Amino acid sequence: MSYNFKQEEIENIIKHFGKEFYEKVLRDIEVYTEKWSLTSFQFIPSYSANIVFTCHSETFGNVVLKIGNPNAREVFTEFNTLIEYDGRRFCTVFDADIENGVIVEEWIKPGIPLRNENSLEKRLFVFSSLYNDLHITPAKSEIYPTYMEWVDKITAYMSQQKDCTELYVYMRHAQEICHSLSSVYSQKMLLHGDFHHDNILLGKDGKYKIIDPKGVVGDPIFDVPRFILNEFGDDITPELHEKINGIITFFEKSLDIPNDIIRKCLFVETAMGICWCVEDGSTPDEYPSLVKTVAFAEAMLNH
């Protein structure tokens, strides 16, 4: 074996993905260790969409190995997004076995996430410098979901959830706003889709690079709000209101997007993100906190 999972890691993988997926991971490690000459495995215990390792490849150098569900569209869209951007501000993808849900890509070292940067102004500057003139037109737009499809899909899901009608009302409002925005901001560019602090890593050359794209088609304005949402923190306070207003004012100038448009995008993204929490299994006792967050984003619309 190239990597021996600890008992706690095994239990977490089975809890999040199931026993069948854990057995797939064990097989895959063997196969791709040989295929890409991999050594020095370090497990990254994130348990989100993929099982992730850093390792060394005789063929490619320092790499990240991702083992995912072959039925998940995200593996396919991430790979194709990285291929299309071809290392331009994004990490490089070296190889993949998409049919089996496995990708090997560049390991950004030291890989310090932008979240660790204490200066808010520096964080905003780094994001702006990566965002401006980033987006490209996809070669095959039909292979990606659209941002509007994301919004419509989660709205339809929430319409069926009888125990959180308040959140559904917010999501319906967000859907209406998104349709309205999309009629004016109608570019069909290849977006990251999850463009926030933990997906922006510092490389050894002192420059930040982008990782983990979802791959979604839409107007570039929709790639801004996820970053702002990740500046919210745990508590909704008057200080947070002031902070988010400051961020929106900064981005209005640095990204050349009207203030009210950024606010609308933030509300849409917040509502969608909160409703995804419900879809991912948030319990009814967590709903009041979720409502509070989306209500805050809605209140920001009218500032």
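Residues numbered from 1 in each chain as written. Predicted model: local features only at pLDDT ≥ 70, side-chain atom pairs only at ≥ 80, totals over all residues. Heavy atoms only, no water.

(A) Spotlight on helix H3 (residues 73-85). In this model H3 runs 18 Å from its N-terminal to its C-terminal C-alpha over 13 residues, within 8% of the 18 Å that 1.5 Å per residue would give. Regarding H3, the residues found buried are Val-75, Thr-77, Glu-78, Phe-79, Asn-80, Thr-81, Leu-82 and Tyr-85. Close packing links the buried residues of H3 with strand S3 (61-67), strand S4 (93-97), strand S5 (102-106) and strand S7 (189-191). Just past H3, the residue Asp-86 takes up positive phi, approximately 50 degrees. (Helix = DSSP H or I, 4+ residues; strand = E, 2+ residues; numbered from the N terminus. Expected span 1.5 Å × (residues − 1). Buried < 20%, exposed > 50% of the residue type's maximum accessible area, 1.4 Å probe, protein only. Contact = heavy atoms within 4.5 Å.)

(B) Quick peek at the environment of Asn-80. Within the fold, Asn-80 resides in helix H3. On the basis of relative accessibility, which here comes to 17%, the residue Asn-80 falls in the buried class. Expressed as a C-alpha distance, the spacing of Asn-80 and Tyr-144, which sit 64 residues apart in the sequence, is 9.0 Å. Excluding anything up to four places from it in sequence, Asn-80 contacts Ile-143 and Tyr-144. Engagement of the side chain of Asn-80 in a polar contact is seen with the backbone oxygen of Phe-76, the distance being 2.8 Å. (Polar contact = N/O pair within 3.5 Å; in protein donor to acceptor, adjacent residues only side chain to side chain.)

(C) Layout of the sheet that holds strand S1 (residues 38-44). Within the open sheet, the five strands sit side by side as S1-S2-S3-S5-S4. Their pairing is antiparallel. In this open sheet, the two strands that pair with only one neighbour each are S1 and S4. Between one strand axis and the next, the sheet turns by 20 degrees as a mean value, whatever way the strands run. Strand direction decides the pairing type here: S1 and strand S2 (residues 51-57), joined by five bridges, are antiparallel. The residue of S2 that forms the bridge with Ile-44 is Val-52. Here helix H2 (residues 19-36) sits on the sheet in contact with S1, S2, S3, S4 and S5, set at roughly 150 degrees to S3. (Pairing = 2+ DSSP bridges. Axes fitted to C-alpha atoms, helices over the stretch in contact; angles between N-to-C directions.)

(D) Summary view of the nonpolar core. If you look at the biggest cluster of nonpolar residues, it comprises 77 residues, and the most contacted ones within it are Ile-244 and Phe-251. Excluding residues that lie within four positions of it along the chain, Phe-251 makes contacts with Leu-124, Phe-127, Ser-128, Val-224, Phe-227, Ile-228, Asp-256, Ile-257 and Ile-262. Core analysis: the next-biggest nonpolar cluster, separate from the first, contains 22 residues, Phe-5, Trp-36, Val-63 and Val-104 among them. (Core = buried A, V, L, I, M, F, W, Y, C linked by side-chain atoms within 4.5 Å.)

(E) Layout of the pattern of salt bridges. All told, the structure shown has 13 salt bridges when counted by the stated rule. With a shortest N-O distance of 3.4 Å, Glu-106 and Lys-209 are connected by a salt bridge. One end of the pair, Glu-106, is in strand S5; the other, Lys-209, is in strand S9 (residues 208-210), with 103 residues separating them in the sequence. The partly exposed category is assigned to Lys-209, whose relative accessible area is 22%. Between Glu-269 and Arg-226 there is a salt bridge whose closest N-O contact spans 3.0 Å. Here Arg-226 lies in helix H7 (residues 225-229) and Glu-269 lies in helix H9 (residues 259-279), a separation of 43 residues in the sequence. (Salt bridge = Lys/Arg side-chain N within 4 Å of Asp/Glu carboxyl O.)

(F) Here's a closer look at the side chain of Thr-54. Mapped onto the elements of the fold, Thr-54 is located in strand S2. Each residue touching Thr-54, except ones within four places of it in the same chain, is listed here: Ser-40, Phe-41, Gln-42, Ile-44, Val-63, Val-64 and Trp-107.

(G) Molecular detail of the pairing of strand S8 (residues 200-203). Residues Ile-200 and Leu-202 line one face of S8 and the alternating positions Leu-201 and Gly-203 line the opposite face, and both faces are buried. Pairing of strand S6 (residues 110-113) with S8 involves three bridges; the strand directions are antiparallel. Opposite Pro-110, over in S8, you have Gly-203 as the bridge partner. Two elements, S8 and S9, share three bridges in a ladder whose sense is antiparallel. Its bridge partner lying in S9, Leu-201 is registered against Lys-209. The turn linking S8 back onto S9 is made up of four residues, and Gly-206 within it adopts a positive phi angle of 85 degrees.

(H) View of the packing of helix H4 (residues 120-131) against helix H8 (residues 238-254). Relative to each other, H4 and H8 sit at 35 degrees, their axes nearing to 11 Å. Between H4 and H8 lies a crossing of right-handed hand. For the pair H4 and H8, the contacting residues are Leu-120, Glu-121, Arg-123, Leu-124, Phe-125, Phe-127 and Ser-128 in the first and Lys-243, Ile-247, Phe-250, Phe-251 and Ser-254 in the second. Among the residues forming the contact of H4 with H8, the class breakdown is seven nonpolar, two polar and three charged. (Left-handed = near helix turned anticlockwise from the far one by under 90°. Nonpolar A, V, L, I, M, F, W, Y, C, P; charged D, E, K, R; others polar.)

(I) Molecular detail of the packing of aromatic side chains. Throughout the structure, instances matching the rule amount to 23 aromatic pairs. For the pair Tyr-147 and Phe-222, a centre-to-centre distance of 4.5 Å together with 15 degrees between the ring planes defines the contact as stacked. You can see Tyr-147 sitting in helix H5 (residues 147-159) and its partner Phe-222 sitting in the loop between strand S10 (216-218) and H7, a full 75 residues away along the chain. Through successive ring pairs, a cluster of aromatic residues spans Tyr-3, Phe-5, Tyr-22, Phe-41, Phe-43, Tyr-47 and Phe-53. The cationic tip of Lys-109 hangs over the ring face of Trp-107; the distance from NZ or CZ to the ring centre is 4.4 Å. (Phe/Tyr/Trp six-rings, centres within 6.5 Å; stacked < 30°, edge-to-face > 60°. Lys NZ or Arg CZ within 6 Å of the ring centre and 35° of its normal.)

Shape descriptors only; they carry no functional weight alone.
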